[in-house]
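Single-letter residue listing:
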Amino acid sequence: GETFAQIFAIVPSVFAAILLPKSTKFLKRQETKKPLYQSIFITISCSLLFVVPFVVMPEFIIKITFGDNYLKTAGIILPLIFAIIFISIHTLYAQAMFAFNKVNFPMYSMFFGSVINCLIGFFLTKKFGINGTAFSLMFSCFLSLAMLSCIYHFLFLKRASNEN
């Protein structure tokens, strides 16, 4: 399952390299918005092309790729894929902030997500096994992304408007 999920980490890296110019070209924080939103849109769009088959027929894909012995892992593929997509979008936000040496904001959100994953993962893994672990990871990655998105929009860009 993890091999399939890692495919989704490639897409945002490519688009970030194409659409997010080198940090020396950004003069104002507001300039990060358009390339960031383009990167996020393309990442989500491309990822959805790959996610749909896993939603519709995960067992079939696992059976063709790995054989019958791995059919029980089909349930964890989708949460892992979404976790990687959330991490990928988080990386795009982080790169926009890195252009202004704001490495602490992404670090805080990742730490928050890690703590949430440990807490929720402990209980979900006990109750649901590997499926609980996968869903815990997906949920914590989403919360980390949501936190960084809020920081970007309500703190990082707000400071930009105060600088003008």
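The preceding data block contains the structure.
Throughout what follows, the structure given in this document is the object of discussion. Throughout, a residue's number is its position along its own chain's written sequence, starting from 1. Confidence filtering applies because this is a predicted model: local features only for residues at pLDDT of at least 70, side-chain atom pairs given and counted only at 80 or more, and all residues used for totals across whole chains, interfaces and linings. Only hydrogens and water are removed before side-chain values are computed, so all heavy atoms of the structure are retained for them.

1. Some words on the overall build of the protein
Numbering of helices and strands runs from the N terminus, with a helix taken as a DSSP run of H or I at least four residues long and a strand as a DSSP run of E at least two residues long. Of the regular secondary structure elements, the protein holds six helices and zero strands. Relative accessible area decides the class of each residue, using a 1.4 Å probe on protein chains only: under 20% of the type maximum gives buried, over 50% gives exposed, and in between gives partly exposed. Evaluated residue by residue, the protein yields a buried proportion of 38% over its 164 residues. It only takes one pair of heavy atoms within 4.5 Å for two residues to be counted as in contact. Contacts spanning at least 24 positions in sequence make up 75% of the contacts within the protein whose residues lie at least 6 apart. A 1.4 Å probe and the Shrake-Rupley method give the accessible areas. Residues count as covered only by the protein chains that appear here. Looking at the protein as shown, the accessible area adds up to about 9600 Å², and 70% of this sits on carbon and sulfur atoms.

2. As for the packing of helix α2 (residues 33-56) against helix α4 (residues 74-98)
Interaxial angles span 0 to 180 degrees and are taken between N-to-C directions of axes, which are lines fitted to C-alpha atoms, for helices over the stretch in contact. Viewed as axis vectors pointing N to C, α2 and α4 meet at an angle of 170°, and their least axial separation amounts to 10 Å. Classified by the interaxial angle, the pair formed by α2 and α4 is roughly antiparallel. Here α2 contributes L36, S39, I40, T43, I44, S47, V51, F54 and V55 to the contact with α4, which in turn contributes I77, L78, I81, F82, I85, I89, L92, Y93 and A96. For this classification, Asp, Glu, Lys and Arg are treated as charged, while Ala, Val, Leu, Ile, Met, Phe, Trp, Tyr, Cys and Pro are nonpolar and the rest, including Gly, are polar. A per-class count over the contact of α2 with α4 returns 15 nonpolar, three polar and no charged. Roughly parallel refers to an angle under 35 degrees, roughly antiparallel to one over 145, roughly perpendicular to one between 65 and 115, and oblique to any angle outside these ranges.

3. Thoughts on the side chain of S109
Along the chain, the position of S109 falls in helix α5 (residues 104-128). The class of S109 is buried, set by a relative accessible area of 0%. In contact with S109, not counting residues within four places along its chain, are H90, S144, M147 and L148.

4. Focus: the environment of V52
Tracing the backbone shows V52 in helix α2. What makes V52 partly exposed here is its relative accessible area of 46%. In this structure, the C-alpha to C-alpha distance between V52 and L78, residues 26 residues apart in sequence, is 9.8 Å.

5. Quick word on the side chain of T32
The topology assignment puts T32 in the loop between α1 (2-19) and α2. Contacts described as polar in this section are N or O atom pairs within 3.5 Å, which, within protein, must combine one atom able to donate a hydrogen with one able to accept it, while residues neighboring in sequence count only if both atoms come from side chains. Reaching out from T32, the side chain makes a polar contact with the side chain of Y152 at a distance of 2.7 Å.

6. Re unusual backbone geometry
The backbone of N101 sits at a positive phi, close to 55°, despite the residue not being glycine. Relative to the assigned elements, N101 resides in the loop between α4 and α5.

7. Considering the packing of aromatic side chains
Only the six-membered ring of Trp is used, alongside the rings of Phe and Tyr, when aromatic pairs are assigned; centres must lie within 6.5 Å, and planes under 30 degrees apart are stacked while those over 60 apart are edge-to-face, with the rest tilted. Scanning all chains against the criterion turns up six aromatic pairs. Arranged with centres 5.4 Å apart and planes meeting at 20°, the rings of Y152 and F156 form a pair that is stacked. Residue Y152 and its partner F156 are located together in helix α6 (residues 130-163), separated by four residues, close to a single helical turn. Here the aromatic cluster, defined as three or more aromatic residues joined through ring pairs, consists of Y93, F100, Y152 and F156.

8. Comments concerning helix α3 (residues 58-66)
What α3 keeps buried is the set P58, I61 and I62. Looking straight down α3, one finds that the buried residues subtend no more than 95° of arc, so they occupy a single side. Two residues or fewer past α3, G67 is found with a positive phi of approximately 105°. An arc is given here, and it is the one of the directions from the helix axis to the C-beta atoms.

9. Focus: α2
In a regular helix each residue adds 1.5 Å, so 24 residues correspond to 34 Å; α2 covers 34 Å between its end C-alpha atoms and thus fits that length. Across the chain, bend at a residue is computed as the angle between axes fitted to the seven residues ending at that point and the seven starting from it. Along α2, the sharpest kink reaches roughly 35°, centred on L49 and followed within four residues by the proline P53. Among all positions of α2, only P35, L36, S39, I40, T43, S47, V51 and F54 are buried. Expected helix span is taken as 1.5 Å per residue step, with the number of steps being one fewer than the number of residues.

10. Structural notes on the nonpolar core
Buried Ala, Val, Leu, Ile, Met, Phe, Trp, Tyr and Cys residues that are joined via side-chain atoms within 4.5 Å together make up what is termed a nonpolar core. Core analysis: the biggest nonpolar cluster contains 27 residues, and L36, Y93, M97, Y152 and F156 have the highest contact counts within it. Secondary structure elements with two or more residues in this core: α2, α3, α4 and α6. With 11 residues, the single largest contributor to this core is α4. Look past the residues within four positions of F156 in its chain and what remains in contact with it is R29, T32, A96, M97, F100, K102, F105 and I151.

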